[in-house]
Amino acid sequence: MFKILEKKQLNASVTSIKFEAPFIAKKVMPGQFVIVRIDEKGERIPLTVSNFDRQEGSVTVVVQAIGFTTKKLVALETGDSVLDLVGPLGKPTEFGMPKKAIVIGGGVGCAIAYPQAKALYNIGVDVTVISGFRSKDIVIYEEEFKAVSNKLYITTDDGSYGQKGFVTEVLDKLLKEDNYDLVIAIGPVMMMKFVSKVTKPYGIKTIVSLNPIMIDGTGMCGGCRVNVGGQTKFACVDGPDFDGHSVDFDELVRRNGFYKNEEEHKCRLGDKTNG
Amino acid sequence: MADMSPDKVKMPEQDPLVRNKNFFEVSKGYTPEMAVNEANRCLNCKNKPCVSGCPVNVKIPDFIAKICEGDFLGAYETVKETNTLPAVCGRVCPQETQCEGKCVRGIKGESVAIGRLERFVADYYMEHGKTKELNIQKNNKKVAIIGAGPSGLTCASDLAKLGYDVTVFEAFHTPGGVLIYGIPEFRLPKKIVEKEIKELENLGVKIMTDMVIGKVLSIDEIIEMGFDAVFIGSGAGLPMFMGIEGEGSVGVYSANEFLTRINLMKAYLDDYDTPIKRSKSVAVVGGGNVAMDSARSAKRLGAENVYIIYRRGEEELPARKEEIHHAKEEEIEFKFLCNPKRIIADENGCVKGIECIRMQLGEPDASGRRRPIEIDNSEFVIDVDAVIMAIGTTPNPLILSTTEGLEGNKRGCLVVDENMKTTKEAVYAGGDAATGAATVILAMGAGKTAAKSIDEYLKNK
């Protein structure tokens with residue numbers, strides 16, 4: 001059993017949950033993920049670690065309640081427990097030795113981009129953060145990003161906060177004006193796809209963090225396979241970070257939608273049982 | 001005088017067309033009367049070829065003799081002396097190539113049904129036996145076992161009986177390894193596996209789940225924690241794919257994913273949260289036990305047509321005879337001498353067919369089996385909405401890549417000597433992690449050998 005030490009609502013659909021997990025906290029690095037199973041009949045879902053405290057023995061994940069299990073998870077309260085928490089899984093992010101980096105977060109992806117920005121900033125890299133949201137009411141991690149970046153740009157699709165438009169527009173402008181040697185993009189698959197498209201002509205190393213369907217997370221089931229440069233890779237052991245210029249994003253989008261009908265069915269059942 | 005009937009006593013089974021719609025066990029097991037009748041077919045021959053055919057050397061004629069006497073619990077004790085998981089082995093061992101393959105009765109007629117008898121005594125014990133208070137002299141030495149599958153559980157059991165303090169680290173949330181995630185309920189009820197594991201816990205073995213070794217702890221850290229020796233039985237790893245066009249389409253699974261959803265996550269039961277697609281027509285590529293399990297599971301999920309696509313002929317199928325027989329009875333359609341060329345997807349990227357080419361058999365290859373060769377211009381398409389790849393696995397890299405001093409071979413398997421010792425001091429390995437994908441019983445045999453080696457190593461240390 002893994003106890004919830006703290007739960008914070010970040011916006012209407014995004015919640016931060018801190019678990020007591022001393023073994024994992026000791027080892028986890030930015031870019032790695034955990035697998036959570038809530039109860040005996042629960043499914044295993046991967047969640048990227050957004051923060052950790054080795055002293056306290058805790059790891060924090062940020063969850064967007066969109067599916068059956070994520071809704072069940074955010075319904076838990078501080079003091080409640082989940083049955084299983086497995087990790088740290090996947091490879092830590094390999095930054096190399098950049099001088100000037102852009103870290104891009106899209107929506108809930110900002111929570112996962114944050115430890116990356118923090119890690120880079122702490123080793124003296126010049127960090128520019130671009131964080132994108134649909135609208136003002138769902139903006140998260142503004143203060144956190146400010147503390148670990150040299151420059152922060154916030155975009156909203158509807159212009160209700162920061163600059164109106166997409167993260168790619170800001171990115172394009174930055175790349176035209178200055179030289180960067182690393183871009184990290186974490187967020188919706190389509191955002192990562194277009195970020196990679198923008199950086200490609202500049203030949204800038206672009207790391208994306210993928211979130212395919214996964215069961216065991218240890219390299220057994222192959223559910224999380226992605227096509228990277230024409231090769232089959234497993235996000236759980238080879239990733240979850242990959243070279244954005246080599247990933248077949250369209251295949252990933254299609255495969256991620258595989259259980260949509262089953263998921264909707266479960267959600268309706270869930271709504272019914274919740275009254 | 002032995003009963004000279006040429007045939008085994010028939011195993012009561014669920015009707016094929018009923019059972020292919022449910023996940024209950026196919027074979028119902030012998031009654032005591034059937035068991036005694038079958039046991040009487042054993043000649044109790046002097047040189048006991050069956051025992052040498054068993055990777056864990058169960059004293060087969062001895063336990064069968066006890067069944068003849070009606071001493072079923074005594075028979076169980078005899079099996080249990082060398083076999084940690086009799087209820088499992090009785091169900092899933094490829095007896096025809098092991099004990100039963102060597103049985104003298106098999107020369108004229110059918111061999112003695114050793115597997116069925118083993119299962120009978122194990123099931124009888126589970127229903128009627130009592131856990132014995134074991135008086136184990138603890139030796140205060142600690143051994144860590146990585147992986148709670150067949151090899152790890154066997155190694156743990158043998159070492160615990162010798163007085164070692166044993167802790168098993170398991171990556172999944174449930175111990176059992178392939179017995180839990182791989183082999184389906186209708187062939188090996190999970191209750192049976194749970195009971196066998198309970199037996200192990202009664203021996204004092206501790207099992208820690210959710211521990212992915214190589215990630216949360218390294219082998220060296222485990223040794224630093226005070227363990228005197230380590231056995232790695234981490235099992236098979238990454239599923240293989242063919243590398244053909246369309247394999248990234250929606251509706252293509254590895255057998256591991258498909259079976260894990262069903263067996264470990266119980267996705268076929270409505271009250272479990274893990275989803276599974278119920279496909280109409282399913283192609284399973286491969287001819288081993290995993291392919292049979294996948295095909296029969298797909299049928300039980302409601303598929304109208306399930307095809308096994310295998311590039312060699314029926315004779316070459318590596319699966320257990322009984323599984324092939326059961327699959328056929330359950331209306332699984334075998335496409336022998338066929339090999340997939342590409343998977344065809346619709347405009348949404350979902351599988352709508354699999355294009356195969358016909359094969360013929362040429363000269364024997366390195367495996368001793370005749371090599372399949374493509375017949376030109378013989379391509380044809382089977383309409384399916386799901387494809388399951390059951391063509392094997394490659395070892396999991398997690399431990400090898402994070403442990404200094406541990407050597408792997410070209411295929412990524414851990415290198416071990418005949419005593420299951422790795423290239424690293426105090427570290428032993430066995431099962432699929434060392435051999436590549438093989439059977440439950442071979443993994444158990446390796447676990448046994450390793451336990452013996454570890455005992456010798458620690459006694460002399």
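Residues numbered from 1 in each chain as written. Chains lettered and ligands numbered in written order. Predicted model: local features only at pLDDT ≥ 70, side-chain atom pairs only at ≥ 80, totals over all residues. Heavy atoms only, no water.

Points about the domain arrangement of chain B
All names here are of chain B.
Inference 1: Structurally, chain B comprises domain 1 (16-128), domain 2 (142-237 + 394-460) and domain 3 (241-391).
Inference 2: Measuring from the centre of the C-alpha atoms in domain 1 to the corresponding centre in domain 3 gives 31 Å.
Inference 3: Contacts between the two partners involve 16 residues from domain 1 and, on the opposite side, 15 residues from domain 3.
Inference 4: A buried area of about 1,200 Å², summed over both sides, lies between domain 1 and domain 3, and 50% of it is on carbon and sulfur atoms.
Inference 5: For domain 1, the biggest contributors to the area lost against domain 3 are Arg-19, Asn-20 and Phe-23; these three give 48% of the whole.
Inference 6: Applying the counting rule to domain 1 against domain 3 returns two salt bridges.
Inference 7: Arg-19 is paired through a salt bridge with Glu-330; the nearest N and O atoms lie 2.5 Å apart.
Inference 8: Remark: the boundary between domain 1 and domain 3 carries ten residue pairs in polar contact (both at pLDDT 80 or more). (Domains from an automatic or database assignment. Contact = heavy atoms within 4.5 Å. Buried area = accessible area lost by both parts, 1.4 Å probe. Salt bridge = Lys/Arg side-chain N within 4 Å of Asp/Glu carboxyl O. Polar contact = N/O pair within 3.5 Å; in protein donor to acceptor, adjacent residues only side chain to side chain.)

Let's talk about the pattern of salt bridges
Inference 1: Summed over the entire model, instances satisfying the criterion amount to 44 salt bridges over all chains.
Inference 2: Residues joined by salt bridges that share partners form a network here, namely Arg-19, Arg-187, Asp-293, Arg-296, Arg-300, Arg-320, Glu-322, Glu-323, Glu-329 and Glu-330 of chain B.

Overview of the environment of Asp-216 of chain A
Inference 1: As for its position among the elements, Asp-216 of chain A is in the loop between β13 (206-209) and β14 (225-228).
Inference 2: With residues up to four places along the chain from it excluded, the contact list for Asp-216 of chain A reads Ile-35, Arg-44, Leu-89 and Cys-221 of chain A together with Phe-172 of chain B. (Helix = DSSP H or I, 4+ residues; strand = E, 2+ residues; numbered from the N terminus.)

Looking at the packing of aromatic side chains
Inference 1: Considering all chains together, one arrives at 16 aromatic pairs over all chains under this definition.
Inference 2: On the numbers, 5.0 Å between centres and 70 degrees between planes, the contact of Phe-72 of chain B with Tyr-124 of chain B is edge-to-face. Here Phe-72 of chain B is found in helix α5 (residues 72-82), whereas its partner Tyr-124 of chain B is found in helix α8 (residues 114-128), with 52 residues between them in sequence.
Inference 3: Judged by relative accessible area, which is 23%, Tyr-124 of chain B ranks as partly exposed.
Inference 4: Each residue in the set Phe-258 and Tyr-259 of chain A together with Tyr-253 and Phe-258 of chain B is aromatic and connected to the rest through ring pairs, giving one cluster.
Inference 5: Positioned above the aromatic ring of Phe-380 of chain B, the side-chain terminus of Arg-358 of chain B is 4.1 Å from the ring centre. (Phe/Tyr/Trp six-rings, centres within 6.5 Å; stacked < 30°, edge-to-face > 60°. Buried < 20%, exposed > 50% of the residue type's maximum accessible area, 1.4 Å probe, protein only. Lys NZ or Arg CZ within 6 Å of the ring centre and 35° of its normal.)

A word on the pairing of strand β1 (residues 142-146) of chain B
All names here are of chain B.
Inference 1: Burial analysis of β1 places four of its five residues in the buried class, which makes it a mostly covered element.
Inference 2: Pairing of β1 with strand β2 (residues 165-169) involves five bridges; the strand directions are parallel. Following the sheet pairing, Ile-146 is matched in β2 by Phe-169.
Inference 3: The handedness of the β1 to β2 crossover, carried by helix α9 (residues 150-161), is right-handed.
Inference 4: The pairing of β1 with strand β4 (residues 229-232) spans four bridges and is classified as parallel. Directly across from Ile-145, in β4, lies its bridge partner Phe-231. (Pairing = 2+ DSSP bridges. Right-handed = clockwise from strand over helix to strand, strands pointing away.)

Points about the side chain of Gln-32 of chain A
Inference 1: Examined against the element boundaries, Gln-32 of chain A turns out to sit in the loop between α1 (22-27) and β3 (33-37).
Inference 2: Accessibility expressed as a relative area gives 4% for Gln-32 of chain A, which makes it buried.
Inference 3: Among the polar contacts listed, one links the side chain of Gln-32 of chain A to the backbone nitrogen of Met-29 of chain A, at a separation of 2.9 Å.
Inference 4: Once residues within four sequence positions are removed from consideration, Gln-32 of chain A is found in contact with Lys-27, Thr-48, Val-49, Pro-88, Leu-89, Gly-90, Lys-91 and Pro-92 of chain A together with Lys-215 of chain B.

Some details on the domain arrangement of chain A
All names here are of chain A.
Inference 1: Split into domains, chain A comes out as domain 1 (2-89), domain 2 (93-208) and domain 3 (210-266).
Inference 2: On a C-alpha basis, the centroid separation for the pair domain 2 and domain 3 is 22 Å.
Inference 3: With twelve residues of domain 2 in contact, the opposing surface of domain 3 contributes 14 residues.
Inference 4: At the boundary of domain 2 with domain 3, total buried surface from both sides reaches about 1,100 Å², with 62% on carbon and sulfur atoms.
Inference 5: Among the residues of domain 2 in contact with domain 3, Val-189, Lys-193 and Val-208 are the three that bury the most area, contributing 49% of the side total.
Inference 6: Here domain 2 is connected to domain 3 by one salt bridge.
Inference 7: A salt bridge links Lys-193 to Asp-250; its shortest N-O distance comes to 2.8 Å.
Inference 8: Looking at the side of domain 2 that touches domain 3, the elements with two or more residues in it are α6 (189-199) and β13.
Inference 9: Tallying contributions element by element places α6 first for the side of domain 2 that touches domain 3, with six residues.
Inference 10: When the residues that make up the side of domain 2 that touches domain 3 are grouped by side-chain class, the tally is six nonpolar, four polar and two charged. (Nonpolar A, V, L, I, M, F, W, Y, C, P; charged D, E, K, R; others polar.)

Focus on the interface of chain B and chain A
For interface size, the figure often reported is the accessible area lost on association.
Inference 1: Opposite the 42 residues of chain B that make contact, chain A presents 43 residues.
Inference 2: When chain B packs against chain A, close to 3,800 Å² is buried across both sides, 58% of that on carbon and sulfur atoms.
Inference 3: For chain B, the biggest contributors to the area lost against chain A are Lys-215, Asp-273 and Lys-277 of chain B; these three give 19% of the whole.
Inference 4: On the surface where chain B and chain A come into contact, there are three salt bridges.
Inference 5: The partner of Glu-221 of chain B in a salt bridge is Lys-27 of chain A, with the nearest N and O atoms 2.5 Å apart.
Inference 6: Counting the contacts that link chain B with chain A gives 17 residue pairs in polar contact (both at pLDDT 80 or more).
Inference 7: Those elements giving two or more residues to the side of chain B that touches chain A turn out to be β5 (238-239), β6 (252-254) and α13 (255-263) of chain B.
Inference 8: For the side of chain B that touches chain A, the leading source of residues is α13 of chain B, giving four residues.
Inference 9: Residues of the side of chain B that touches chain A, tallied by class, amount to 19 nonpolar, 13 polar and ten charged.

Re the sheet that holds strand β16 (residues 427-429) of chain B
Residues and elements named next belong to chain B.
Inference 1: Sheet architecture is open: five strands sit in the order β3-β2-β1-β4-β16, paired in parallel fashion. Sheet topology places β3 (206-208) and β16 at the edges, where each strand pairs with a single neighbour. Sheet twist, expressed as the average angle between the axes of neighbouring strands with direction ignored, equals 20 degrees.
Inference 2: Strands β1, β2 and β4 of the sheet are contacted by α9, whose axis makes an angle of about 165 degrees with β1. (Axes fitted to C-alpha atoms, helices over the stretch in contact; angles between N-to-C directions.)

Observations regarding the sheet that holds strand β7 (residues 281-285) of chain B
Residues and elements named next belong to chain B.
Inference 1: An order of β6-β14-β7-β8-β9 is seen for the five strands of this open sheet, with the pairing classed as parallel. Looking at strand neighbours, the two that pair on one side only are β6 and β9 (333-335), the edges of this open sheet. If you compare each strand with its neighbour and ignore which way they point, the axes differ by 20 degrees on average.
Inference 2: In terms of strand pairing, strand β8 (residues 305-309) meets β9 through three bridges, oriented parallel. By the bridge assignment for β9, Ile-309 is matched with Lys-335.

Some remarks on the packing of α13 of chain B against helix α14 (residues 289-300) of chain B
For any two helices packed against each other, the geometry is given by the interaxial angle and the distance between the axes.
All names here are of chain B.
Inference 1: Two numbers describe how α13 lies on α14: the axes approach to 10 Å, and their chain directions differ by 50 degrees. In terms of axis orientation, α13 runs oblique to α14. In this structure, the crossing between α13 and α14 has a hand that is left-handed. The residues of α14 that touch α13, namely those facing Ala-255, Phe-258, Leu-259 and Ile-262, are Val-290, Asp-293, Ser-294, Ser-297 and Ala-298. (Parallel < 35°, antiparallel > 145°, perpendicular 65-115°, else oblique. Left-handed = near helix turned anticlockwise from the far one by under 90°.)

Regarding α9 of chain B
Residues and elements named next belong to chain B.
Inference 1: Its twelve residues place the ends of α9 17 Å apart at the C-alpha level, agreeing with the 16 Å of an ideal helix rising 1.5 Å per residue.
Inference 2: For α9, the tally of buried residues reaches eleven of twelve residues, placing the bulk of the element in the interior.
Inference 3: Gly-163, located one to two residues past α9, shows a positive phi value of around 105 degrees. (Expected span 1.5 Å × (residues − 1).)

Regarding the confidence of the model for chain B
Inference 1: In this model, chain B carries an average pLDDT of 93, and 100% of its residues clear a pLDDT of 70 or more.
Inference 2: ipTM for the predicted complex: 0.89, alongside a pTM of 0.92. (pLDDT = per-residue confidence, 0-100.)

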